[in-house]
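Inside the fold
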Amino acid sequence: MFINFFYKLREVGIPVSPTSFLTLQKALDKGLINSMDDFYTSARSILVKSERYFDLYDQVFANRFEGIALDDNDGLLIDEMTQEMLKGWLEDPKEMAEMLGEDEEKLSKLTPDELIEYFKKRLEDQDGRHDGGSKWIGTGGRSPVGHSGHHKGGMRVGGVSKNKSAVKVANERRYKDYSRNRPLTTADIGEALKRLRNLVPAGAKDRLDIDGTIYQTIRNGGEIELIFDQHMKDRLKIILLIDNGGWSMDPYISVIQSLFDYSKAQFKDIKTYFFHNTVYDTVWQDPSRFKKPFKIDEFVRLDPDTRLIMIGDASMAPYELMSQDGSIYISSRSGQPSIQRLNFLSETFKHCVWLNPVPERMWPYTRTIQTIKEIFPMFELTINGLEKSIAQLMAK
Amino acid sequence: MTEERKNFSGASKYVLDSELAQIVNVSMALEMPLLLKGEPGTGKTMLAYAIAESLGMELIILNVKSSMKVIDALYQYDTLTRLNDSRFGDSTRDVSDIKEYIKMSKIGQAFTSEKRTILLIDEIDKADTDFQDDMLDILDQMQFDIIETDEVVSANKRPVIIITSNAKKDLSDPFLGRCNFHHIAFPEASMMKSIVDVHFPSIDKKLAKNAIATFYELRSIEGIEKRPATRELINWLRALDTDPEFKTGKLIKNKVPFLGVLFKKSQDYERATMHVTRRKIF
């Protein structure tokens, strides 16, 4: 039962497992599902395991079962449709006649009651529901009376039932907000960054080391000796280098802002520096890139275990990256091309990533992205990219 | 299962929407764990309390901690007491019998209980993925081994298992495969009204109406990080209800008191205050 429904769900990309489908069959067998509404909720809870897919599920469900729900209210539906058709006729008799393929004159001779009868008959003639085609009633076709047809003035059928049916609920698409392609929020960033930690023993020795205690006690011939140990604390050091200059980064300010806010709250030992487009001799500790310069060479003195996170669109003119005096600021031209500086950074800190707010599918179109991607492992600044980059940073 | 099938239809302090009721009942009948996600404060944990109350079953709560191992949730082997006993020998316990030192933890308690219980595994996302993976087998088999005594503990009566997760990201696929899933959406205003009615049967109607309207307005402020949820609204109403100045329901048009109950992050609080003052000026 509902095998097509199952495959349709898989087709649109919802990961539905056969096991869960069997579970649904079990639920049906046991008589737990007694109505369309029950089926809608139960099937969703059994088959779909993430709210991100709820919206897709709603769409598939509406598509699959709309016909059935409409069948249930046939009488009511036809009444309503007739009303609509009558209204349409009164507003524009010519068009209505054309749509029905009848002569306007012939129709206009009918009394209103006869007209209604005629409309009803036409509607009832339809044997079952069909989609597409250019006749009668269906969805998506060019028929005048159907759901989202192309025909000018076509009438809307979907969701006219009076009771709030499961299909109606599905048609409401309440879960649109949760679907996958929403922007990154602070909470998401928090979730991802939580994985980024480096536990080392720290602080006072206040945790009882049970294995050690047993070992020592036995060595003492049964005389108990308590062994204490330090707690594990997170002591991860992070350097954040942010490209905050130029128009090209402007669209991404808010997402970087939230990443920045969150990482400040999350990590105790975090240093942030700013640069424009790419790194030359110095980076700055102040966002205006003016007051507090910091020499790149100084980075050598920092702990090489520090995780380096570069954030920027990596998009610039190729000479800015390659040329010896590539900087667009005269004062920061030094004779070393930026690409060497980047290489230096990635060699100094072996745990490094570049987060790029530009969508990954756009990367091949920018040459500097290609070049920088070879120096730093580059990830998209999205939930998935962030997670991959964390895995990269935590890799041994 | 010879037990008569009980159906869950809400409890005295929990307003249940029909969707969730159906899901709870299906999960109970299929004997599958139910995984609940949703914004903090939308009543994920409360649901377990409500089921326990309405079906008269015992509720066992496992609060998952970040450092937790699955074995901690199953049973504890009290090495220290045993060590102590073996050294001083002044207890009635038999030191050579390891069973004397095995204590059941929450999951163990739920399995060994004589009656069918409700096991709430709260905030499973706090622990790392290993925890979830290890949990899989146990939920599947409904049994676990006690390594020290080589005993198998299996569930007398399969407990009703409710698992909550706050995580925005998904749990591992095999884990999800064994659960039913529901996402508790944030209640709409009409639903919220009945939730408020349940909690404050005697509250001033006007106050409740104004407060709910204001609450939804404040929730929609742009850029709020932790949006206030049902829990915050209830607490806020409780505060308003006790304050004689606002009790009559006159509030709120120009003045929104006790913002701190609704907004707990300082940035959010500032934003909300700004929003409220601006409304007063224009």
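Residues numbered from 1 in each chain as written. Chains lettered and ligands numbered in written order. Predicted model: local features only at pLDDT ≥ 70, side-chain atom pairs only at ≥ 80, totals over all residues. Heavy atoms only, no water.

So, the overall build of chain A
A count of helices and strands for chain A gives 16 helices and nine strands. Nonlocal contacts in chain A, meaning residues at least 24 apart in sequence, comprise 63% of its contacts between residues at least 6 apart. (Helix = DSSP H or I, 4+ residues; strand = E, 2+ residues; numbered from the N terminus. Contact = heavy atoms within 4.5 Å.)

Some details on the confidence of the model for chain B
Summary statistics for chain B give a mean pLDDT of 81 and a share of 90% for residues scoring 70 or more. When mean pLDDT is compared element by element in chain B, strand β2 (residues 58-63) of chain B scores highest at 91, while helix α11 (residues 244-247) of chain B scores lowest at 67. (pLDDT = per-residue confidence, 0-100.)

Thoughts on a negative patch on the surface
Residue and element names in this part refer to chain B. A contiguous patch of negative charge, built from Asp 128, Asp 130, Asp 133, Asp 134 and Asp 137, is present on the exposed surface. Within the secondary structure layout, Asp 133 lies in helix α6 (residues 129-141). Exposure remark for Asp 133: the relative accessible area of 34% places this residue in the partly exposed category. (Patch = residues over 30% accessible without salt bridge, like charges linked within 9 Å, V, L, I, M, F, W, Y side chains within 5 Å. Areas by Shrake-Rupley, 256 points an atom, 1.4 Å probe, with all protein chains shown as cover. Salt bridge = Lys/Arg side-chain N within 4 Å of Asp/Glu carboxyl O. Lys, Arg positive; Asp, Glu negative; His and termini not counted. Charge placed at Lys NZ, Arg CZ, Asp CG, Glu CD. Buried < 20%, exposed > 50% of the residue type's maximum accessible area, 1.4 Å probe, protein only.)

What about the sheet that holds β2(B)?
Residue and element names in this part refer to chain B. The five strands lie next to each other as β2-β5-β8-β1-β9, forming an open sheet whose pairing is parallel. Of all the strands in the sheet, the pair left with one neighbour each is β2 and β9 (180-184). The mean inter-strand angle of the sheet, taken between neighbouring strand axes irrespective of direction, is 20°. Note: β2 against strand β5 (residues 117-122), six bridges, orientation parallel. Directly across from Glu 58, in β5, lies its bridge partner Thr 117. (Pairing = 2+ DSSP bridges. Axes fitted to C-alpha atoms, helices over the stretch in contact; angles between N-to-C directions.)

A closer look at helix α15 (residues 367-375) of chain A
Count 3.6 residues to each turn of an α-helix, and residues three or four apart come out pointing the same way. All names here are of chain A. Taken together, the buried positions of α15 are Thr 368, Ile 369, Thr 371, Ile 372 and Ile 375. The buried residues of α15 occupy one face: seen down the axis, they fall within an arc of 165°. Residues of α15 that are exposed and angled more than 90 degrees away from the buried face: Arg 367 and Glu 374. Buried residues along α15 sit against α13 (318-322), α14 (338-348), β8 (352-356) and β9 (378-380). (Arc of directions from axis to C-beta.)

Focus: the interface of chain B and chain A
Chain B puts 31 residues into the contact, and the matching count from chain A is 37 residues. With both chains or domains summed, chain B and chain A bury close to 3,100 Å², and 57% of this area falls on carbon and sulfur atoms. Joining chain B to chain A, the criterion identifies three salt bridges. Of the charged contacts, one joins B:Lys37 and A:Glu51 as a salt bridge, the two residues approaching to 3.4 Å between their closest N and O atoms. (Buried area = accessible area lost by both parts, 1.4 Å probe.)

Side note on the packing of α14(A) against α15(A)
Residue and element names in this part refer to chain A. Between α14 and α15, whose axes approach to 9 Å, the crossing angle comes to 30°. By the criterion of interaxial angle, the relationship of α14 to α15 is roughly parallel. By crossing handedness, the relation of α14 to α15 is classed as right-handed. Between α14 and α15, the contacting residues are Ile 339, Leu 342, Asn 343 and Ser 346 on the first element and Thr 371, Ile 372 and Ile 375 on the second. Tallied by class, the residues present in the contact of α14 with α15 amount to four nonpolar, three polar and no charged. (Parallel < 35°, antiparallel > 145°, perpendicular 65-115°, else oblique. Left-handed = near helix turned anticlockwise from the far one by under 90°. Nonpolar A, V, L, I, M, F, W, Y, C, P; charged D, E, K, R; others polar.)

A few points about the pattern of salt bridges
All names here are of chain A. According to the stated counting rule, one finds 19 salt bridges over all chains in the structure shown. Among the ionic pairs, Lys 237 bridges to Asp 303, the shortest N-O distance being 3.4 Å. Of this pair, Lys 237 sits in strand β3 (residues 237-243) while Asp 303 sits in the loop between β6 (293-295) and β7 (307-311); the two residues are 66 residues apart in sequence, bridging distant segments of the chain. Using a relative accessible area of 34% as the deciding quantity, one classes Lys 237 as partly exposed.

Things to note about helix α8 (residues 189-199) of chain B
All names here are of chain B. All buried positions along α8 are accounted for by Met 192, Ile 195 and Val 196. What you see down the axis of α8 is that its buried residues fit within an arc of 100°, all on one side. Those residues of α8 that are buried are in contact with α9 (205-219) and α10 (230-242).

Digging into the packing of α8(B) against α9(B)
All names here are of chain B. Relative orientation of the contacting elements α8 and α9 amounts to 135°, with a least axis distance of 11 Å. Comparing their axes, α9 and α8 come out oblique. You can see that α8 and α9 cross each other, and the crossing is right-handed. On α9, the residues touching Ala 189, Met 192, Lys 193 and Val 196 of α8 are Ala 208, Ile 212, Phe 215 and Tyr 216. Residue composition of the contact of α8 with α9, grouped by class: seven nonpolar, no polar and one charged.

A word on the environment of A:Ala202
All names here are of chain A. Along the polypeptide, Ala 202 turns up in strand β1 (residues 199-208). Here the alpha-carbon distance between Ala 202 and Met 232, two residues 30 residues apart in the chain, equals 6.0 Å. In this view, Ala 202 contacts Gln 230, His 231, Lys 233 and Arg 235; residues no more than four positions away in its chain are not counted.

Concerning the side chain of A:Ser346
Residue and element names in this part refer to chain A. Here Ser 346 shows up in helix α14. Side-chain polar atoms of Ser 346 contact the backbone oxygen of Asn 343, separated by 3.2 Å. Filtering out sequence-adjacent residues up to four positions away, Ser 346 remains in contact with Cys 352, Ile 375 and Phe 376. (Polar contact = N/O pair within 3.5 Å; in protein donor to acceptor, adjacent residues only side chain to side chain.)

Description of the pairing of β5(B)
Residues and elements named next belong to chain B. The buried count for β5 comes to six of six residues, which makes it a mostly enclosed element. Where burial is concerned, the two faces of β5 agree: the one with Thr 117, Leu 119 and Ile 121 and the one with Ile 118, Leu 120 and Asp 122 are both buried. Pairing of β5 with strand β8 (residues 160-165), which is carried by four bridges, proceeds in the parallel orientation. From the neighbouring strand, Ile 118 faces β8, where its bridge partner is Val 160.

Looking at the environment of A:Leu56
All names here are of chain A. Structurally, Leu 56 can be placed in helix α4 (residues 54-72). Judged by relative accessible area, which is 27%, Leu 56 ranks as partly exposed. Along the sequence, Leu 56 and Val 12 sit 44 residues apart, while their C-alpha atoms lie 7.5 Å from each other. When neighbours within four sequence positions are excluded, Leu 56 is seen to be in contact with Val 12 and Ile 14.

Description of the packing of aromatic side chains
All names here are of chain B. Applying the stated rule across the entire model yields 21 aromatic pairs over all chains. Ring geometry for Phe 111 and Phe 144: centres 5.8 Å apart, planes at 35°, overall tilted. Placement of Phe 111 in helix α5 (residues 106-112) and of Phe 144 in strand β6 (residues 143-146) is noted, with a sequence separation of 33 residues between them. With centroids separated by 5.5 Å and ring planes inclined at 85°, the aromatic side chains of Phe 215 and Tyr 216 adopt a geometry described as edge-to-face. Exposure remark for Phe 215: the relative accessible area of 0% places this residue in the buried category. (Phe/Tyr/Trp six-rings, centres within 6.5 Å; stacked < 30°, edge-to-face > 60°.)

Focus: unusual backbone geometry
All names here are of chain B. With phi around 55°, Glu 123 is a residue other than glycine that occupies positive phi space. Along the polypeptide, Glu 123 turns up in the loop between β5 and α6. Even without glycine at this site, Met 142 takes up a positive phi of about 60°. Mapped onto the secondary structure, Met 142 falls in the loop between α6 and β6.

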